[in-house]
Amino acid sequence: MEKPALPKGTRDFGPAEMAKRQFILTTIRTIFQKYGFQPLETPAMENLNTLEGKYGEEGSKLIYKIRSNKSLRARLSGEKIDALNSIYKFWLPQKSELGLRYDLTIPFARYVVMNRHEITLPFKRYQVQPVWRADRPQKGRYREFYQCDADVVGTDSLICEAEIILMIKEVMHKLNINKYSVKINHRGILNGIAEVIAAVGREGELFVAIDKLDKIGEPGVRKELIEKGFTSTQLDSLFALIGTKGNNREKLTALKTTFASSTTGLKGVHELTEVFDLLNHYRADDNHVEFDIALARGLSYYTGCIFEVKINDVAIGSVSGGGRYDNLTQAFGSKEQLSGVGISFGIDRLYDAMEELKLFPKETLSSSKVLVCHFDEATRAYALGLVTQLRAAGINSEIYPDVSKLKKQLDYANKKMIAFCLVVGEEEMKSGELTIKNMESGEQEKLTITTIIHKLTH
RNA sequence: GUGAAUGUAGCUCAGUUGGUUAGAGCACCAGAUUGUGGUUCUGGGGGUCGCGGGUUCGAGUCCCGUCUUUCACCCCA
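Read on for an overview of the structure. What you see is a predicted model, and the numbers here were worked out from it, not measured in a lab.

Looking only at helices and strands, chain A features 18 helices and 16 strands. Whereas a compact globule of 458 residues would reach a radius of gyration of roughly 23 Å, chain A reaches 28 Å, over 25% beyond that. Projected onto the principal axes, the alpha-carbon positions of chain A cover approximately 90 × 70 × 50 Å. Taking the contacts inside chain A whose residues are at least 6 apart along the sequence as the reference set, 70% of them involve residues at least 24 apart. Surface exposure of chain A reaches about 23800 Å², of which carbon and sulfur atoms provide 52%. Across chain A, the mean location of the 63 positive side-chain charges is 4 Å away from that of the 59 negative side-chain charges.

Structure below.
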């Protein structure tokens with residue numbers, strides 16, 4: 001007998017994990033809906049050409065490809081395939097036509113292009129589904145994980161950016177995460193930097209390196225860029241720029257003069273300034289929001305604001321990221337230029353961080369509110385009617401299915417963190433005065449089912 | 001994809017320079033208590049030492065391979 005195992009980088013989620021995961025998911029969903037986003041789901045698999053060429057060179061390697069067995073079988077009999085496979089394993093045309101979803105943004109763009117006629121712009125959708133990456137797993141990095149995306153397409157308004165920040169703040173607040181920062185930057189600012197330090201055309205290398213600033217520090221970034229052939233004059237002006245001091249507003253003001261000759265740099269400054277202005281109009285503050293000149297983010301399709309959310313005191317990557325992309329739908333042949341902006345939460349990382357910081361509320365774990373206990377077949381039969389009444393009143397309840405000792409039933413309630421036990425014996429059955437026991441305090445009293453229901457629902 | 005560590009009961013870990021029948025705590029099950037749990041006491045079940053090969057009279061311990069998990073790089077949620 002073979003021992004069962006999970007594929008590398010995948011996990012099962014038992015009831016305890018699911019309770020916590022759903023706490024995160026419903027929190028995020030509720031907030032997305034509150035801001036006017038509507039749900040969308042797309043298939044786990046896409047045609048490979050939908051996925052290919054969208055995630056850069058590194059990303060392409062990480063797409064899970066699904067081999068089509070049909071095309072081979074159509075041509076050869078099973079026997080021949082086996083024979084050929086054993087000899088020419090690598091030569092057979094292993095036609096790969098499908099791939100697993102790598103993120104939720106590209107499938108969304110595909111959906112928008114395919115359904116353009118029935119979509120009213122601006123279109124706001126959210127999507128909560130697993131994605132797959134053929135990456136090597138490590139802490140906070142899995143091969144199958146969930147993303148929660150909210151995107152708006154069809155408007156350039158920076159109100160969207162501001163609302164993204166508001167949603168992030170609200171999600172973090174509802175999840176009891178207090179120590180975190182929403183980093184924000186703008187591709188225009190990054191491009192402006194490239195212009196100012198005379199590195200136009202080499203933005204890729206430059207951005208990848210400076211994105212690592214908080215990880216490897218200035219010396220590390222310098223070293224990497226020197227190796228790539230940047231001059232120390234360029235690097236000096238680069239770090240003078242990145243090292244701009246002050247709060248968000250002060251940094252923006254300082255950059256305005258730096259970018260006097262860079263239109264793209266100025267555009268970045270103006271847009272970020274407007275985002276901060278909008279936050280004020282929403283009567284929100286910019287606590288936790290940090291304009292980070294060195295924030296770059298990998299995905300090459302971003303063109304405007306970019307976001308990233310990090311939780312303090314946990315050694316886990318970012319729990320959320322996003323930004324504005326101006327021409328995503330053009331990759332699918334759309335002539336119309338649609339601008340989009342979105343945010344993605346990685347709930348697996350949120351989970352890991354919250355677990356580490358012990359932020360899950362206790363109630364998350366309990367399932368039923370009431371366990372109905374009994375002593376024999378007669379009381380059990382009578383108790384069934386009580387369960388129905390409890391459930392009809394909207395109280396999550398269950399009955400212990402076997403006739404067994406009360407001790408065992410109370411034990412069960414303890415393990416499932418059920419708050420109340422309704423004990424139904426012969427006496428209770430006759431009088432209709434039922435024993436309700438509070439499992440935390442140990443107190444118990446005798447009440448009728450109607451008063452019990454009243455107490456539990458008010 | 002590159003480099004490096006790890007693996008002993010459900011969990012956390014002991015296991016002496018290779019030497020009899022591999023241990024502990026927690027968890028689990030049963031009883032003390034045939035209508036009262038989360039405390040206590042008593043007893044019990046559970047391990048092909050990740051898997052496969054090798055060295056040896058003898059391997060949990062040494063060697064090789066493989067898988068898993070983890071860490072760094074790469075990249076990212």
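So that's the structure; there's more coming.
A contiguous patch of positive charge on the surface is contributed by Lys 405, Lys 407, Lys 408 and Lys 415. With respect to the helices and strands, the residue Lys 408 is situated in helix H16 (residues 406–415).

Grouped together as the largest cluster of nonpolar side chains are 99 residues, with contacts concentrated most on Phe 32 and Leu 238. Among the elements that take part in this core, helix H7 (residues 159–174) stands out by supplying 9 residues, more than any other. Sequence-distant contacts of Leu 238, that is, excluding residues within four places in its chain, are made with Ile 193, Ile 197, Leu 206, Ile 210 and Leu 225. Counting 18 residues, the second-largest nonpolar core is a separate cluster that includes Ile 395, Ile 399, Val 424 and Ile 453.

Structurally, Gln 22 can be placed in helix H1 (residues 15–34). The partly exposed category is assigned to Gln 22, whose relative accessible area is 42%. Once the C-alpha coordinates of Gln 22 and Ile 347 are considered, the two residues, 325 residues apart in sequence, prove to be 9.7 Å apart.

About the thresholds
- Residues numbered from 1 in each chain as written.
- Chains lettered and ligands numbered in written order.
- Predicted model: local features only at pLDDT ≥ 70, side-chain atom pairs only at ≥ 80, totals over all residues.
- Heavy atoms only, no water.
- Helix = DSSP H or I, 4+ residues; strand = E, 2+ residues; numbered from the N terminus.
- Rg over C-alpha atoms; globule rule 2.2 N^0.38 Å.
- Contact = heavy atoms within 4.5 Å.
- Areas by Shrake-Rupley, 256 points an atom, 1.4 Å probe, with all protein chains shown as cover.
- Lys, Arg positive; Asp, Glu negative; His and termini not counted.
- Charge placed at Lys NZ, Arg CZ, Asp CG, Glu CD.
- Patch = residues over 30% accessible without salt bridge, like charges linked within 9 Å, V, L, I, M, F, W, Y side chains within 5 Å.
- Salt bridge = Lys/Arg side-chain N within 4 Å of Asp/Glu carboxyl O.
- Core = buried A, V, L, I, M, F, W, Y, C linked by side-chain atoms within 4.5 Å.
- Buried < 20%, exposed > 50% of the residue type's maximum accessible area, 1.4 Å probe, protein only.

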